[in-house]
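Spelled out, the chains give:
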Amino acid sequence: MFNVVLVNPQIPPNTGNIGRICVNSGATLHLVKPLGFDISEKRIKRAGLDYWNRLKLKVWESLEEFLESVEMERCHLATTKGIKYHFQTRYRPGDYLLFGREDGGLPQFLIENYREQTVQIPMTPEGRSLNLAVSVGIILYEAVRQNFGQWSREYGIG
């Protein structure tokens, strides 16, 4: 129903947790290379990700390949520099929620070129940023909340 896009993720446990969130929410996980880790079947099994076989997964060879293949007007870019809060955006089934590297966020050119589509999670001035998996959960489940009727019918919940 929704698409979570991780651009150049670096920390395997974050991606594992996000995979679990995607399985539980019905979202497709898109990983944009280069990745900071190996997602081979052997490595996945060793990490104990027993749900990984139920994950809808798409791996992109590059950000350019991804950008050429999707409708950018359906994308929401998560950044601490967002112009509106994540709950001020209207999410529709099929939308893409983009998240950047744990150590640097999304590429600056994306934020500049698609400024109107940037969203942020409110944080106190003492905060710097949230863990990537936490951020994905917050924004993805806001999208689910906004579309709960359709989401619950699709998955037979509620």
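The rules behind each value
Residues numbered from 1 in each chain as written. Predicted model: local features only at pLDDT ≥ 70, side-chain atom pairs only at ≥ 80, totals over all residues. Heavy atoms only, no water. Buried < 20%, exposed > 50% of the residue type's maximum accessible area, 1.4 Å probe, protein only. Helix = DSSP H or I, 4+ residues; strand = E, 2+ residues; numbered from the N terminus. Pairing = 2+ DSSP bridges. 1 Å grid on protein atoms, 1.4 Å probe; cavity = no way out; pocket = protein on both sides within 12 Å on 5 of 7 lines; lining within 4 Å. Points joined across faces, edges and corners; volume = space filled by probe spheres on them. Patch = residues over 30% accessible without salt bridge, like charges linked within 9 Å, V, L, I, M, F, W, Y side chains within 5 Å. Areas by Shrake-Rupley, 256 points an atom, 1.4 Å probe, with all protein chains shown as cover. Salt bridge = Lys/Arg side-chain N within 4 Å of Asp/Glu carboxyl O. Polar contact = N/O pair within 3.5 Å; in protein donor to acceptor, adjacent residues only side chain to side chain. Contact = heavy atoms within 4.5 Å.

Colleague: Explain the pairing of strand β4 (residues 75-78) to me, please; I cannot follow it from the model alone.
Modeller: Moving residue by residue along a regular strand, the side chains alternate between the two faces of the sheet. Residues C75 and L77 point to one face of β4 and H76 and A78 to the other, with burial holding for every one of them. By the bridge criterion, three bridges tie β4 to strand β6 (residues 96-99) in an arrangement that is parallel. Among the inter-strand pairings, L77 is bridged to a residue of β6, identified as L98. Two strands pair when backbone bridges link them, and β4 and strand β7 (residues 118-120) are joined in this way by two bridges, in the parallel orientation. Its bridge partner lying in β7, L77 is registered against T118.

Colleague: So what exactly am I meant to see when it comes to the sheet that holds strand β1 (residues 3-7) here?
Modeller: Within a beta sheet, neighbouring strands are joined by backbone hydrogen bonds and run either parallel or antiparallel to one another. Spatial strand order, β3-β2-β1-β6-β4-β7-β5: seven strands in an open sheet with parallel pairing. Of all the strands in the sheet, the pair left with one neighbour each is β3 (56-60) and β5 (84-85). Here five bridges tie strand β2 (residues 28-32) to β3, and the two strands are oriented parallel to one another. Bridge pairing in β3 links H30 to K58.

Colleague: I tried to follow the layout of surface pockets on my own but got confused; where do I start?
Modeller: Size it by volume and the largest pocket reaches roughly 500 Å³. Of all the secondary-structure elements, those providing two or more residues to the lining of the largest pocket are α4 (108-113), β7 and α5 (132-146). Per-element tally for the lining of the largest pocket: the top contributor is α5, with three residues.

Colleague: How do you make sense of a nonpolar patch on the surface when you look at a structure like this?
Modeller: A grouping of M123, L130, V134 and I138 is seen on the molecular surface, where their side chains present a nonpolar patch of about 280 Å² in accessible area. Secondary-structure assignment places M123 in the loop between β7 and α5. The partly exposed category is assigned to M123, whose relative accessible area is 33%.

Colleague: I would appreciate a short explanation of the side chain of Q146 in the present structure.
Modeller: Along the polypeptide, Q146 turns up in helix α5. Q146 sits in the buried class, given a relative accessible area of 18%. Polar side-chain contacts of Q146 include one of 3.1 Å to the side chain of R90. Setting aside its immediate chain neighbours within four residues, Q146 contacts F87, T89, R90 and Y91.

Colleague: Just checking my understanding: could you explain the pairing of β2 for this structure?
Modeller: Most of β2 sits inside the fold, with five of its five residues counted as buried. Residues of β2 alternate between two faces, with T28, H30 and V32 on one and L29 and L31 on the opposite face, all of them buried. Examined bridge by bridge, β1 and β2 share five bridges and lie parallel to one another. Paired with V5 across the strands is H30, a residue of β2.

Colleague: When you look at unusual backbone geometry in this model, what are you seeing that I'm missing?
Modeller: The phi angle of most residues is negative, glycine excepted, and most peptide bonds adopt the trans form. Note that the residue after K33, namely P34, is joined by a cis bond; omega there is 5 degrees. Among the secondary structure elements, P34 is positioned in the loop between β2 and α2 (41-46). Despite not being glycine, N8 shows a phi value in the positive range, around 55 degrees. Considering the arrangement of structural elements, one finds N8 in the loop between β1 and α1 (12-25). Classification of N8 by relative accessible area gives buried; the value is 14%.

Colleague: When you look at the pattern of salt bridges in this model, what are you seeing that I'm missing?
Modeller: Side-chain pairs of opposite charge can arise where the charged atoms are in close proximity. Summed over the entire model, instances satisfying the criterion amount to four salt bridges. K33 is the salt-bridge partner of E61, the closest N and O atoms lying 3.3 Å from each other. With E61 in the loop between β3 and α3 (63-69) and K33 in the loop between β2 and α2, this pair connects stretches of sequence that are 28 residues apart. Taking relative accessible area as the criterion, E61 reaches 51% and is therefore assigned exposed.

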